[in-house]
Amino acid sequence: MTQPRMSVVVTTYNQPGPLELVLWGYAAQTVRPHEIVIADDGSGSETRALVDRLRADAGLPLVHVWHADRGFRKTEILNRAILAATGDYLLFTDGDCIPRRDLVEVHLRSADWGHFLSGGYLKLPQSVTAAVTADDVRAGRVADSGWLRSRGWRPGRHALRLTQSARLAGLMDRLTPTRPTWNGHNASGWKHDIVAVNGYDLDMAYGGLDRALGERLENLGVRGLQIRFRAPVLHLHHERPYADRDKVKRNREFRDRIRREGIVRSPRGLAELEPAPELLVIR
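1. Quick word on the layout of surface pockets
Point 1. Taken as a whole, the second largest pocket holds about 330 Å³ of empty space.
Point 2. The wall of the second largest pocket is formed by 22 residues, among which Arg100, Arg101, Asp102, Thr163 and Gln164 lie closest to the centre.
Point 3. Listing elements by their share of the lining of the second largest pocket, those giving two or more residues are helix H4 (103-110) and helix H8 (166-175).
Point 4. Taken together, the residues of the lining of the second largest pocket break down into eight nonpolar, seven polar and seven charged.

Here you go:
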């Protein structure tokens, strides 16, 4: 199979510091993506300035997709980023998840028709998060278990997710009992499959909105493949003031219905996006 053109979709909202580390992570990839689409849910001018600077300083093919801040509208800006993406294969991640240097290469190498890929992540504690610099990301130290331990990281068995052995990582992906799911921090699939299920559901808030897309992909017949050990990201610590228990419960009910009724297309997704006069797409 000819290697696809990958667009990396990175979500962000007013976190320019972590976003800079993430973007330097993509600048240091062993295989660079076709483009990186920033799905910006209404950040202020500091994020715009950062994207403009790294487009020049890191030589990254950045596409900044922004709409005005009207509260949590992550699914909407994700759908607009999907429409703006010119790649035929999309990798989704968050603006607080630093990729290991081979993340893009592994996703591209593992891409397969009729499947999506479910990557892994390691949560860094607040103290280690505060110690990470752009130099650490560019040099690849941020994904080195020895370096992380020297900064106070105590991963226990999770350290296996940073193994340098491709053979061991592949074996662990085959043996893990964790089923592959579509995760916002690290998942990839074919754009035509994502469009076929109508993208992300505009009515879903934080808490399971990514899983819902994966469940609709599965109802379409697109099966998940596990690459959590072969393709990890480092998740920087942050608080989640936008988490709402009632909305998480409502999302769970959405997902129960998707599974129970075999729903494939979101009732309100890509096709239902309305014109947004304030939308900016800067290449």
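We are not done yet, so read on.
2. Quick notes on the packing of aromatic side chains
Point 1. Per the counting criterion, the structure on display carries five aromatic pairs.
Point 2. Between the aromatic rings of Tyr89 and Trp190, the centroid separation amounts to 4.9 Å while the plane-to-plane angle is 80°, which identifies the pairing as edge-to-face. Of this pair, Tyr89 sits in strand E4 (residues 89-94) while Trp190 sits in strand E7 (residues 187-190), and the two are 101 residues apart along the sequence.
Point 3. Looking at Tyr89, the relative accessible area reads 0%, which means it is buried.
Point 4. For Trp190, a relative accessible area of 2% gives the class buried.
Point 5. Look at Phe116 and Trp182: their rings are 5.5 Å apart centre to centre, the planes differ by 65°, and that puts the pair in the edge-to-face class. Note that Phe116 is positioned in strand E6 (residues 115-123) and Trp182 in the loop between H8 and E7, a separation of 66 residues in sequence. For the pair Phe116 and Trp182, one class covers both residues: buried.
Point 6. Grouped by ring-pair contacts, the aromatic residues Phe92, Phe116, Trp182 and Tyr200 constitute a single cluster.
Point 7. Directly above the ring of Trp24 sits Arg138, whose terminal nitrogen or CZ lies 4.5 Å from the centroid.

Reading the values: the criteria
- Residues numbered from 1 in each chain as written.
- Predicted model: local features only at pLDDT ≥ 70, side-chain atom pairs only at ≥ 80, totals over all residues.
- Heavy atoms only, no water.
- 1 Å grid on protein atoms, 1.4 Å probe; cavity = no way out; pocket = protein on both sides within 12 Å on 5 of 7 lines; lining within 4 Å.
- Points joined across faces, edges and corners; volume = space filled by probe spheres on them.
- Helix = DSSP H or I, 4+ residues; strand = E, 2+ residues; numbered from the N terminus.
- Nonpolar A, V, L, I, M, F, W, Y, C, P; charged D, E, K, R; others polar.
- Phe/Tyr/Trp six-rings, centres within 6.5 Å; stacked < 30°, edge-to-face > 60°.
- Buried < 20%, exposed > 50% of the residue type's maximum accessible area, 1.4 Å probe, protein only.
- Lys NZ or Arg CZ within 6 Å of the ring centre and 35° of its normal.

Spatial relationships are all this shows, so hold off on functional conclusions.
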